[in-house]
Amino acid sequence: NANRNSIVWGSGFISSTSKPRAKPKKIAAVRGPLTGQRLADLGYTNPQIYGDPALLMPRFYSPQVAKEHKIGLVAHYAEKDDTIVEYLISLGIHPVDIQLPVEPFIDELCKCGAIVSSSMHGLIAADAFGIPNRWLRLSDKLVGGDFKFQDYYGGIGVVGEIPLEKSDLLAIQSQDELIALTSKKTIGLDLDKLFDAFPV
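Keep in mind that this is a model prediction, so the values were computed, not measured.

Quick notes on the layout of surface pockets
In this model, the largest pocket occupies a volume close to 430 Å³. Looking at the largest pocket, it is lined by 21 residues, and the ones nearest its centre are Asn 1, Ser 11, Gly 12, Phe 13 and Ile 14. Elements with a contribution of two residues or more to the lining of the largest pocket: β1 (7-11), β2 (26-30), α1 (33-41) and α4 (120-128). In terms of residue count, the dominant contributor to the lining of the largest pocket is β1 (three residues). In this structure, the second largest pocket spans a volume of roughly 190 Å³.

Written as structure tokens, this is what we have:
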């Protein structure tokens, strides 16, 4: 949705065929290398400064909350009512609503020992706060498919991340089984560089 008055900082394309409506006023940083390459292919300058700004959240808000849940589920807003979500909740997995205001969402996320998420920002927030997590592909409802996820993972230096599919999840019978499939990601990204690229 960028136009000629837009300053882009940490945003990314939703698919491999996306393009800006007009040349942005400035591109300071983008989500990841797939967006950067798409910009270059379209004739724009790739800033080669990557990262979703949500990774910087702990610098501004870092709640001191106790772990109350072994594992939480962040479903994409388009999938919140899917039967697979209901199944996972029936196993005792704590639902964390992606549509909560920012601080209450982070509070709920940080109360979980692990996170599974079909929402990209559920995964990013978990990575930002050092919470083991796993990407879920619950449906085909998300515009652009896997592009934004792979763009994000490329930006932080995670290679080969594969989502758990609906069929995988239906075979899960306990929270512990799902927790065993999560991992804490190492963010191979200079967050100071992203922070310093903020357009002022």
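Back to the text.
Details of the pattern of salt bridges
Scanning all chains against the criterion turns up eight salt bridges. Arg 31 is the salt-bridge partner of Asp 151, the closest N and O atoms lying 2.9 Å from each other. Remark: Arg 31 occurs in the loop between β2 and α1 and Asp 151 occurs in helix α5 (residues 147-156); sequence separation between them is 120 residues. Salt-bridge contacts for Lys 111 lead to Glu 108; the nearest nitrogen and oxygen are separated by 3.1 Å. Under the relative-accessibility criterion, Lys 111 is labelled buried at 17%. Look at the salt bridges and you will find they share partners, linking Arg 137, Asp 146 and Glu 165 into a network.

Looking at the sheet that holds strand β6 (residues 133-137)
Strand-to-strand pairing in sheets goes through backbone hydrogen bonds, with the strands running parallel or antiparallel. The strand order across the open sheet formed by five strands is β4-β3-β5-β6-β7, and the pairing between neighbours is parallel. Each of the sheet's edge strands pairs with one partner strand only, and the pair in question is β4 (94-95) and β7 (164-165).

Some words on the pairing of β2
In terms of burial, β2 is a largely internal element, four of the five residues being buried. As paired strands, β1 and β2 are joined by four bridges and run parallel to one another. Looking at β2, one finds that Ile 7 is bridged to Lys 26.

Observations regarding the pairing of β6
Burial of β6 is extensive: four of the five residues sit out of reach of the surface. Pairing of strand β5 (residues 115-117) with β6 involves three bridges; the strand directions are parallel. What sits directly across from Val 116, in β6, is Arg 134. Each parallel crossover has a hand, and for β5 linked through α4 to β6 it is right-handed. Looking at chain direction, β6 and β7 are connected through two bridges and run parallel.

Some remarks on the state of the cysteines
Using the criterion set out here, one finds zero disulfides in the structure. Between Cys 110, a cysteine without a disulfide, and Cys 112, which holds the nearest cysteine sulfur, the sulfur-to-sulfur distance is 8.7 Å.

Here we look at helix α2 (residues 83-90)
Those residues of α2 lying buried are Ile 84, Val 85 and Leu 88. Buried residues of α2, seen end-on, are gathered within an arc of 105° and therefore sit on one face of the element. Turned more than 90 degrees away from the buried face of α2 sit Thr 83, Glu 86 and Ser 90, all of them exposed. Against β3 (72-74), β6, α6 (166-170) and α7 (175-179) lie the buried residues of α2.

Definitions and limits used
Throughout, a residue's number is its position along its own chain's written sequence, starting from 1. Given that the model is predicted, a residue must reach a pLDDT of at least 70 before its local features are reported, and side-chain atom pairs must reach 80 or more before they are shown or counted; all residues, however, enter totals for whole chains, interfaces and linings. Values reported for side chains reflect all heavy atoms of the structure, with hydrogen atoms and water molecules removed beforehand. A 1.4 Å probe that fits into a set of points on a 1 Å grid over the protein atoms alone but cannot get out defines a cavity; an open set with protein on both sides within 12 Å along at least five of seven lines defines a pocket, and lining residues are those with an atom within 4 Å of a point. Grid points are joined across faces, edges and corners, and a volume is the space filled by probe spheres set on the points. Helix numbering and strand numbering both begin at the N terminus, where a helix is a DSSP run of H or I of at least 4 residues and a strand a DSSP run of E of at least 2. What makes a salt bridge here is a side-chain nitrogen of Lys or Arg within 4 Å of a carboxyl oxygen of Asp or Glu, nothing more. Partly exposed describes any residue whose relative accessible area lies between the buried limit of under 20% and the exposed limit of over 50%, with all areas from a 1.4 Å probe on protein chains only and scaled to the type maximum. Here, any two strands with at least 2 DSSP bridges between them count as paired. Whether a crossover is right-handed depends on one test, that the path from the first strand over the helix to the second runs clockwise when the strands point away from the viewer. Here, two cysteine sulfur atoms that lie within 2.5 Å of each other are counted as a disulfide. In this context, the arc is that of the directions from the helix axis out to the C-beta atoms. Any two residues having at least one pair of non-hydrogen atoms within 4.5 Å are treated as being in contact.

What is shown is where atoms sit, not what they do.
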